[in-house]
Amino acid sequence: SDDYMPQIHRAGSVIAYQPMLQLSYMLVYLFDAETSKAIPGLIYMGFLIGFYGLVRRASSHTAAMLAVTGVLMTPEMVSMSALSATNVMQACMAGPGLMYVCLGFSRKEKHLMTLGFVLLTINCWIRNEGVLFVLIGGMLALIFAIRQRQYKVILLPITARFVKYAQGAVQSVRPAL
């Protein structure tokens, strides 16, 4: 058929999954598992624990428990964590990443902003769409830098974006046959 494009299945294709997904599934298959559904579930459980700690840092214990309960009762998150899909993994990295960036800006603590951009960079290794969250964090960093006159903060999203470009360059190298 004329509409089949074999080049989309080669290394470096735009539809190829990012390395974190493949590497995390590899860990499950090393232990002779029949399915990789454990990985999204484990990431979701880790997200809930981390989300509680993040909300607890910004508010009270009761508010953190209510927020975690609200996330637990979200049907989309629960049902997607039962599938081997990248949506939950992306939400579990992008959500806390942006929350840490915002918390770092509000408290003027650079280590929280750095942690947020590390999570956003990891998010780029899960799905290609993760770059949008780095851009949002970059806009927040630019606003913070202009308000506080601390222009070194802008280096964080630039570094995260550079990691994404470097990854794309590595994936685009095709083996010579």
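Residues numbered from 1 in each chain as written. Predicted model: local features only at pLDDT ≥ 70, side-chain atom pairs only at ≥ 80, totals over all residues. Heavy atoms only, no water.

Asks: Lay out the overall build of the protein with the relevant residues and their values.
Replies: Looking only at helices and strands, the protein features eight helices and zero strands. Counting helices and strands in the order they occur from the N terminus, the protein gives α-α-α-α-α-α-α-α. For the protein, with 177 residues in total, the buried portion stands at 34%. Taking the intrachain contacts of the protein between residues at least 6 apart in sequence as the baseline, contacts between residues at least 24 apart amount to 62%. (Helix = DSSP H or I, 4+ residues; strand = E, 2+ residues; numbered from the N terminus. Buried < 20%, exposed > 50% of the residue type's maximum accessible area, 1.4 Å probe, protein only. Contact = heavy atoms within 4.5 Å.)

Asks: Let's hear about helix H7 (residues 131–148): which residues, and what values?
Replies: The first and last C-alpha atoms of H7 sit 25 Å apart over 18 residues, in line with the 26 Å expected at 1.5 Å per residue. Taken together, the buried positions of H7 are occupied by Val131, Val134, Gly137, Gly138, Ala141, Phe144 and Ala145. All buried residues of H7 lie within an arc of 125 degrees about the axis, which places them on one face of the element. Facing away from the buried side of H7, by more than 90 degrees, are the exposed residues Leu132, Met139, Ile146 and Arg147. Just beyond H7, the residue with positive phi is Arg149, at close to 55 degrees. (Expected span 1.5 Å × (residues − 1). Arc of directions from axis to C-beta.)

Asks: Residue-level account of the nonpolar core, with values.
Replies: Core analysis: the largest hydrophobic core is formed by 24 residues, its most contacted members being Tyr44, Phe47, Met89 and Cys92. Of all elements in the fold, only helix H1 (19–30), helix H2 (38–58), helix H3 (61–72), helix H5 (86–107) and helix H6 (110–124) reach the threshold of two or more residues within this core. It is H2 that provides the largest number of residues to this core, a total of eight residues. (Core = buried A, V, L, I, M, F, W, Y, C linked by side-chain atoms within 4.5 Å.)

Asks: Explain the packing of H6 against H7 residue by residue, including any values.
Replies: Each pair of packed helices can be summarised by the angle the axes make with each other and by the distance between the axes. Contact geometry of H6 with H7 gives a least axis separation of 8 Å together with a crossing angle of 160 degrees. Regarding the angle of H6 to H7, the classification is roughly antiparallel. Regarding H6 and H7, the two cross each other, and that crossing is left-handed. Of the residues in H7, those in contact with Met113, Phe117, Leu120, Asn123 and Cys124 of H6 are Val131, Phe133, Val134, Gly137, Gly138, Ala141 and Phe144. In terms of residue class, the contact of H6 with H7 is built from nine nonpolar, three polar and no charged. (Axes fitted to C-alpha atoms, helices over the stretch in contact; angles between N-to-C directions. Parallel < 35°, antiparallel > 145°, perpendicular 65-115°, else oblique. Left-handed = near helix turned anticlockwise from the far one by under 90°. Nonpolar A, V, L, I, M, F, W, Y, C, P; charged D, E, K, R; others polar.)

Asks: Mind laying out the packing of H2 against H5, listing which residues take part and the relevant values?
Replies: Direction vectors running N to C along H2 and H5 enclose 15 degrees, while the axes themselves pass 9 Å from each other. Viewed along their axes, H2 and H5 adopt a mutual orientation that is roughly parallel. Like other packed secondary-structure pairs, H2 and H5 cross with a definite hand, here left-handed. The segment H2 lies against H5, with Ile39, Pro40, Ile43, Tyr44, Phe47, Phe51, Leu54, Arg57 and Ala58 engaging Val88, Met89, Ala91, Cys92, Pro96, Met99, Tyr100, Leu103 and Arg107. The residue makeup of the contact of H2 with H5, split by class, is 16 nonpolar, no polar and two charged.

Asks: Talk me through the packing of aromatic side chains; I want residue IDs and the actual numbers.
Replies: Under the criterion given, the structure shown has two aromatic pairs. Judged by centre distance (6.4 Å) and plane angle (25 degrees), the rings of Tyr44 and Phe47 are stacked. Residue Tyr44 and its partner Phe47 are both found in helix H2; the two are separated by three residues, about one turn of the helix. Taken individually, Tyr44 and Phe47 each receive the classification buried, so the pair is uniform in this respect. Here the aromatic residues Tyr44, Phe47 and Phe51 are joined through ring pairs into a cluster of three or more. (Phe/Tyr/Trp six-rings, centres within 6.5 Å; stacked < 30°, edge-to-face > 60°.)

Asks: Would you mind going over the environment of Ala145 in detail, with residue names and values included?
Replies: Topologically, Ala145 is positioned in helix H7. With 40 residues separating them in the primary sequence, Ala145 and Phe105 have C-alpha atoms 9.6 Å apart.

Asks: Can you tell me about the environment of Val71, naming the residues and giving the values?
Replies: With respect to the element layout, Val71 can be found in helix H3. Spatially, the C-alpha atoms of Val71 and Phe51 are 9.2 Å apart, while their sequence positions differ by 20 residues. For Val71, the residues in contact, after removing those within four places along its chain, are Tyr44, Phe47, Leu48, Phe51 and Met77.

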